[in-house]
Amino acid sequence: MKEDIRVLILVMLWDIRKLGRYKFFLAMRFTWFLVQVLVFGLLVSAMVSIRGPGGLLDYYKFYIIGAYTAVLFSISIMKGYDIAEEIEDGLIDYQLSLPIKRRVLALGRALGGGLASFTYSTPMLAVTILALKVQNPIALLAMTLVSLLLAVSVSGLAVSIALILKSGDRLDILMGVSDALLIRLSTIFYPAVAMAAVSLYYYAAKVNPISYAADMLRYVAEPGEFSGFLVADPLIMFSLIAGFAATSTIASIVLLERKIEGGYSR
Amino acid sequence: MSRVAVRIRDFVKKFGNVVAVNGLNLDVFDGEIFGFLGPNGSGKSTTLLTIATVYKPTRGDIEVYGFSVTRNGDAVRKLIGIAFQEPKALWVDKPYELLVWHAMVVGYSLIDSRRVVRDVMEELGLWEHRNKLFSELSGGTRKKVEIAKLFIQKPKLAIFDEPTAQLDVTTKHLVWSKIRDMNREGSTIIVATNDTFEAERLSDRVGIIYRGTLKALGSPSELKDMIPGGDIIEIRVEGFISGNALRKIEDALETKRLDLSNGTLKAYVNRGEEKVALALEILMRENVKVRSVAVKEPSLDEVFFYFTGAKLEEVRG
Ligand SMILES: Nc1ncnc2c1ncn2[C@@H]1O[C@H](COP(=O)(O)OP(=O)(O)OP(=O)(O)O)[C@@H](O)[C@H]1O
Ligand SMILES: [Mg+2]
């Protein structure tokens, strides 16, 4: 057990170690995020006015947290490309040959990928916190926790999908589609109440884990502010997010243990 | 009877429609250096990667010290280490970092890792490259980093996939001697290669694999004895040789086997010196222009050709 944990940490370091790699990519993301917060957010919130059971929504705050969730989601799903690249370069072959239990390898890659993705997003999280003027340490801690959970779930999912597809091209298509769909069909940019008019939107958003992550972040950042605008009760949201994280991690473990072998399918 | 380190039984590996290995049966003994010799695409890497639990057998099974690769992968992975044919690293990796990571994964503490990695890197002349990016290293240097993994790890079963393919002569000899040291210190070694010189110098036993099946197995000298006829008459000719001429040569020389490829005729015969004249006479009568003639003792190259080369029947069509 002690040995498993030691190796788990080493596997996680594999992803953490690559952090320095995407400096340019990070700078671009960060700049774009700043533009969203400083320009689009202000413009859009001047135009959008949403009234819910609890009164008028502060759309600016709503929007910023949505933008942060979207960024975190996109960064985490990039882990899939990382893995696809590692499959092509045979690095997954290398890891499969090492004295590492398959489930430790899977868990390590999901956790390491999630942690690395979250780390990338921290500058954006900091901007979000500043823009919302969140000061309560418990709120800050909770935001970190929820972000981490989302990053781990999505990275785990992306890792599994990449391992199943074993091909960068097929991955491109799937990721592009799911990125677009999951973000659109969620409460990232519009609250559930505002979507009720279009039932497809509404129900998709209701079952979309991304909605729960975004709204949970909103809830922990400012517990009172968004009441009446969230997809569900905080407890339900949290259970769903934790369940999503557990399911996606377990899925990648089962997959790697049972199904996965090396090689790159062309 | 020696203990069996690797037992391969009815091993088949398919990739889609491609049959990479087709019913391989083979035992590698504990403590030996086993040379796995075969031409490109014959299934060497596929077999080694399956031993290393990277691939799963399509049929059959492989046991490493009694542990099945399909049922007991964790136990197998604790015993083995593999240096891949293509070095495995991220382009942004630095050799030192990567090797320290590897050392720690195979069980060294951080302090011991740093020490052993430095020792091995210095020995292989890698120390000066320790902080370069992988993308900046030469092909041979990358290969040395890959091999260094096993010299650090010292697994019970060390698998080298064409370890010296890209190395200069000096480094080749260094690597061979380090592989032998490892063997002396208790590691069983499997070396895949298509270099007969390497197989002969290094191995206690050699298995020749061709199109996914084992064609011959034995010590290098046993393998040479397997070639029928003690000698090989090698005649380089210009132009076409008729099937008729070939049949005449076969009869007159009592060849054990006759191969023709790329304008070189090889007759496996007894008492080669006496039969050369006969062969030349026939060729001249058939108006075939002879460019050179040699009578040879078989080398491992000949053994390789014999078991894997184009057969006369295929050339004749
Ligand atoms: N991952 C893979 N996907 C599809 N086909 C493969 C894969 N790996 C190997 N093959 C095919 O299996 C056959 C055996 O390949 P293998 O790499 O085992 O040969 P090898 O003996 O190692 O050759 P070489 O000397 O060139 O390294 C080849 O036809 C090859 O194209
Ligand atoms: Mg090979």
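Remember, predicted model here, so these are calculated numbers, not experimental data.

Rules used in this analysis
- Residues numbered from 1 in each chain as written.
- Chains lettered and ligands numbered in written order.
- Predicted model: local features only at pLDDT ≥ 70, side-chain atom pairs only at ≥ 80, totals over all residues.
- Heavy atoms only, no water.
- Helix = DSSP H or I, 4+ residues; strand = E, 2+ residues; numbered from the N terminus.
- Buried < 20%, exposed > 50% of the residue type's maximum accessible area, 1.4 Å probe, protein only.
- Contact = heavy atoms within 4.5 Å.
- Lys, Arg positive; Asp, Glu negative; His and termini not counted.
- Charge placed at Lys NZ, Arg CZ, Asp CG, Glu CD.
- Donors = N, O, S within 2.8 Å, 3.2 Å for Na, K, Ca; no water.
- Pairing = 2+ DSSP bridges.
- Axes fitted to C-alpha atoms, helices over the stretch in contact; angles between N-to-C directions.
- Domains from an automatic or database assignment.
- Near = heavy atom within 4 Å.
- Polar contact = N/O pair within 3.5 Å; in protein donor to acceptor, adjacent residues only side chain to side chain.
- Areas by Shrake-Rupley, 256 points an atom, 1.4 Å probe, with all protein chains shown as cover.
- Salt bridge = Lys/Arg side-chain N within 4 Å of Asp/Glu carboxyl O.
- Buried area = accessible area lost by both parts, 1.4 Å probe.
- Nonpolar A, V, L, I, M, F, W, Y, C, P; charged D, E, K, R; others polar.
- 1 Å grid on protein atoms, 1.4 Å probe; cavity = no way out; pocket = protein on both sides within 12 Å on 5 of 7 lines; lining within 4 Å.
- Points joined across faces, edges and corners; volume = space filled by probe spheres on them.
- Core = buried A, V, L, I, M, F, W, Y, C linked by side-chain atoms within 4.5 Å.
- Phe/Tyr/Trp six-rings, centres within 6.5 Å; stacked < 30°, edge-to-face > 60°.

Asks: What am I meant to see in the overall build of chain B here?
Replies: Broken down by element type, chain B carries twelve helices and 14 strands. Across its three principal axes, chain B shows a C-alpha extent of roughly 75 × 40 × 40 Å. When each of the 317 residues of chain B is scored for burial, the buried share is 55%. Sequence separation of at least 24 residues holds for 68% of the intrachain contacts in chain B that already meet a minimum separation of 6. Chain B carries 47 positive and 44 negative side-chain charges, and their two centres are separated by 4 Å.

Asks: Explain the coordination of the magnesium ion (ligand 2) to me, please; I cannot follow it from the model alone.
Replies: Tetrahedral coordination by four donors sets the ideal angle at the metal to 109.5 degrees; octahedral coordination by six donors sets it to 90 or 180 degrees. For the magnesium ion (ligand 2), every protein donor is listed as B:Ser45 (OG) and B:Gln85 (OE1), and the spread of their distances is 1.9 to 2.1 Å. Note that B:Ser45 is positioned in helix α1 (residues 44-51) and B:Gln85 in the loop between β6 (80-83) and α3 (95-105), a separation of 40 residues in sequence.

Asks: I tried to follow the sheet that holds β6(B) on my own but got confused; where do I start?
Replies: Strands in a sheet are paired, the pairing made by backbone hydrogen bonds, and the direction either parallel or antiparallel. Residues and elements named next belong to chain B. Strands sit in the order β6-β7-β8-β3-β9-β10 across an open sheet of six strands; the sheet is mixed. Strands at the two margins of the open sheet, each flanked by one partner only, are β6 and β10 (213-218). Strand after strand, the sheet turns through a mean of 15 degrees between neighbouring axes, direction not considered. Against the sheet, α1 touches β3 (33-37), β6, β7 (157-161), β8 (188-193) and β9 (205-210), its axis set at about 150 degrees to β7. Sheet contacts for helix α5 (residues 139-153): β6 and β7; angle to β6, the most-contacted strand, approximately 165 degrees.

Asks: Which parts of the structure should I look at to understand the domain arrangement of chain B?
Replies: Where interface size is quoted, it is often the accessible area lost as the parts come together. Domain parsing of chain B yields domain 1 (4-224) and domain 2 (228-297). Just the C-alpha atoms count here: the centres of domain 1 of chain B and domain 2 of chain B sit 40 Å apart.

Asks: I keep staring at the site of ligand 1 and nothing clicks. Help me out?
Replies: Residues and elements named next belong to chain B. Taken together, 15 residues are adjacent to ligand 1, and Gly41, Lys44, Ser45, Thr46 and Gln85 come closest. Interatomic distance of 2.7 Å between a backbone N/O atom of Gly41 and an oxygen atom of ligand 1. The contact in question runs from an oxygen atom of ligand 1 to an N or O atom on the side chain of Thr46, over 2.6 Å. Considering ligand 1 on its own, with 640 Å² of exposed area, one finds that the protein chains cover 71% of that surface. Counting residues per element, the ones that place at least two in the shell around ligand 1 are β2 (18-29) and α1.

Asks: Explain the pattern of salt bridges to me, please; I cannot follow it from the model alone.
Replies: Any two side chains of opposite charge can pair if their charged atoms end up close together. Residues and elements named next belong to chain B. Within the structure shown, the criterion is met by 31 salt bridges over all chains. As a salt-bridge pair, Arg184 and Asp181 come within 3.0 Å of each other at their nearest N and O atoms. Residue Arg184 and its partner Asp181 are located together in helix α6 (residues 169-184), separated by three residues, close to a single helical turn. Judged by relative accessible area, Arg184 falls into the exposed class, the value being 63%. For the salt bridge of Arg291 with Glu238, the shortest nitrogen-to-oxygen distance reads 3.3 Å. Taken together, the positions of Arg291 in strand β14 (residues 289-296) and Glu238 in strand β11 (residues 231-238) put the pair 53 residues apart, joining distant regions of the chain.

Asks: Help me out: how do you make sense of the interface of chain A and chain B in this one?
Replies: With 29 residues of chain A at the contact, the number on the chain B side is 28 residues. With both sides pooled, the region where chain A packs onto chain B buries about 2500 Å², and carbon together with sulfur makes up 59% of that total. At the boundary of chain A and chain B, one finds two salt bridges. The closest approach of N and O atoms between A:Arg17 and B:Glu97, which form a salt bridge, is 4.0 Å. For the side of chain A that touches chain B, the elements supplying multiple residues, two or more each, are α1 (2-16), α5 (91-97) and α12 (234-258) of chain A. For the side of chain A that touches chain B, the leading source of residues is α5(A), giving six residues. The class makeup of the residues in the side of chain A that touches chain B is eleven nonpolar, five polar and 13 charged.

Asks: What's the story with the side chain of A:Ser147 in this structure? I'm lost.
Replies: All names here are of chain A. Tracing the backbone shows Ser147 in helix α7 (residues 137-165). According to the relative accessible area criterion, Ser147 is buried, its value standing at 1%. At a separation of 2.7 Å, a polar atom in the side chain of Ser147 contacts the main-chain carbonyl oxygen of Met143. Excluding its chain neighbours within four sequence positions, the residues that come into contact with Ser147 are Tyr68, Leu72, Phe118, Leu125 and Leu217.

Asks: Sorry, what's going on with empty space enclosed by the protein here?
Replies: Rolled over the atoms, a probe as big as a water molecule pinpoints where empty space is left. Residue and element names in this part refer to chain A. All told, the structure shown has three cavities of 30 Å³ or more when counted by the stated rule. Of the pockets and cavities examined, the largest cavity occupies roughly 90 Å³. Elements with a minimum of two residues in the lining of the largest cavity: α4 (79-88) and α6 (102-132). Residue classes in the lining of the largest cavity are distributed as six nonpolar, one polar and two charged. One number sums up the size of the second largest cavity: a volume of about 80 Å³.

Asks: Which parts of the structure should I look at to understand the nonpolar core?
Replies: The nonpolar side chains of soluble globular proteins are, as a tendency, buried together. With 151 residues, the main nonpolar core has B:Ile51 and B:Phe160 as its most contacted residues. Broken down by element, the residue count for this core peaks at 14 residues, all from helix α3 (residues 59-77) of chain A. Beyond its immediate sequence surroundings of up to four residues, B:Phe160 is in contact with B:Leu48, B:Ala83, B:Ile147, B:Leu150, B:Phe151, B:Ile179, B:Met182, B:Ile189, B:Ile190, B:Val191 and B:Ala192. By size, the runner-up hydrophobic cluster in this structure holds 19 residues, among which are B:Ile235, B:Leu246, B:Ala267 and B:Ala279.

Asks: What is the right way to look at the packing of aromatic side chains in this model?
Replies: Given two aromatic rings, one states the distance between the centres and the angle between the planes to describe the pair. Residues and elements named next belong to chain B. Tallying each qualifying case throughout the model produces twelve aromatic pairs over all chains. Relative to Tyr55, the ring of Phe15 has its centre 5.2 Å away and its plane inclined at 75 degrees; by these criteria the two rings are edge-to-face. Of this pair, Phe15 sits in strand β1 (residues 4-15) while Tyr55 sits in the loop between α1 and β4 (59-64), and the two are 40 residues apart along the sequence. The class of Phe15 is partly exposed, set by a relative accessible area of 34%. Plain terms: the ring middles of Tyr268 and Tyr306 are 5.3 Å apart, the flat faces sit at 65 degrees to each other, and that makes the pair edge-to-face. Separated by 38 residues along the polypeptide, Tyr268 in strand β13 (residues 264-269) and Tyr306 in helix α11 (residues 300-308) bring together distant segments of the chain.

Asks: Sorry if this is basic, but what is going on with the pairing of β6(B) here?
Replies: Residues and elements named next belong to chain B. Covered by surrounding structure in β6 are Ile80 and Ile82 together with Gly81 and Ala83, the residues of both alternating faces. In this sheet, β7 lies alongside β6 in parallel orientation, the contact comprising four bridges. For Gly81, the partnering residue across the bridge sits in β7 and is Ala158.

Asks: I keep staring at α4(A) and nothing clicks. Help me out?
Replies: Side chains that are three or four residues apart share a direction in an α-helix, a result of its 3.6 residues per turn. Residues and elements named next belong to chain A. For α4, the buried fraction is high: seven of the ten residues fall into the buried class. Taken as a whole, α4 has its buried residues at Lys79, Gly80, Asp82, Ile83, Ala84, Glu86 and Ile87. Just past α4, the residue Gly90 takes up positive phi, approximately 80 degrees.

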